[in-house]
Amino acid sequence: MSDLDLLTRSLARNVKRWRTERAFTLDALAARAGVSRGMLIQIEQARTNPSIGTVVKIGDALGVSITTLLDYEQGPRVRIVPADRAVRLWHTEAGSWNRLLAGTEAPGPVEMWDWRLMPGESSDSDPHPVGTVELLHVTAGELTLTVDGTEHRVPAGASASFEADTPHTYGNQGAGPMEMIMAVSVPPVR
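Scope of this entry: the structure provided in the associated data block. (Residues numbered from 1 in each chain as written. Predicted model: local features only at pLDDT ≥ 70, side-chain atom pairs only at ≥ 80, totals over all residues. Heavy atoms only, no water.)

## Structural notes on the environment of G174
So, point 1. As for its position among the elements, G174 is in the loop between β9 (168–171) and β10 (178–185).
So, point 2. According to the relative accessible area criterion, G174 is partly exposed, its value standing at 34%.
So, point 3. Considered as a pair, G174 and P119 are 55 residues apart in the sequence and their alpha carbons are 5.6 Å apart.
So, point 4. Those residues within four positions of G174 in sequence are excluded, and the remaining contacts are P119 and G120. (Helix = DSSP H or I, 4+ residues; strand = E, 2+ residues; numbered from the N terminus. Buried < 20%, exposed > 50% of the residue type's maximum accessible area, 1.4 Å probe, protein only. Contact = heavy atoms within 4.5 Å.)

Structure, rendered in structure tokens:
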């Protein structure tokens, strides 16, 4: 079985499990996540490989991390994620990418990401649930972080945090690659 097949089946099983645990109907989850009922049916039947944006919306609506949605095994309290098991969820032809390094539920989802943006590229993010916080540390280049329409420059070696319940964009307006490590903390579903 390929990695993609494994992830598709894990996503199907875990979305259905968490939707059932939260007592959400397909219609209720679709409305909370802002995705179609048909898309959820395809995901739960492992018939599609949705975009990272769709997976983020579903995770946010369920109050679980992407790591939890893609987890293909229940691990012990200590979980080591080998470098070759980090999941690359987005990439471009120019060489930009992100990787989900690790995640946990404590008390809401917490995710750790590794990002690389090539010059001139950017990645938009829809607002997350109220109370979501992102922390990032730029390790190379300079990040142009746009939060609710305001640009902020974050050079290599600097860190930033922000409330992520508003539209935001990670961009690279520099001449070389921008690399950062980012953590996302989402409040638990009430």
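## Thoughts on the layout of surface pockets
So, point 1. Of the pockets and cavities examined, the second largest pocket occupies roughly 570 Å³.
So, point 2. In terms of lining residues, the second largest pocket is bounded by 32 residues, among which V56, D60, S125, D126 and H128 are the most central.
So, point 3. At 7 residues, helix α4 (residues 52–62) tops the list of elements feeding residues into the lining of the second largest pocket.
So, point 4. Classifying every residue of the lining of the second largest pocket by side-chain character gives 17 nonpolar, 8 polar and 7 charged. (1 Å grid on protein atoms, 1.4 Å probe; cavity = no way out; pocket = protein on both sides within 12 Å on 5 of 7 lines; lining within 4 Å. Points joined across faces, edges and corners; volume = space filled by probe spheres on them. Nonpolar A, V, L, I, M, F, W, Y, C, P; charged D, E, K, R; others polar.)

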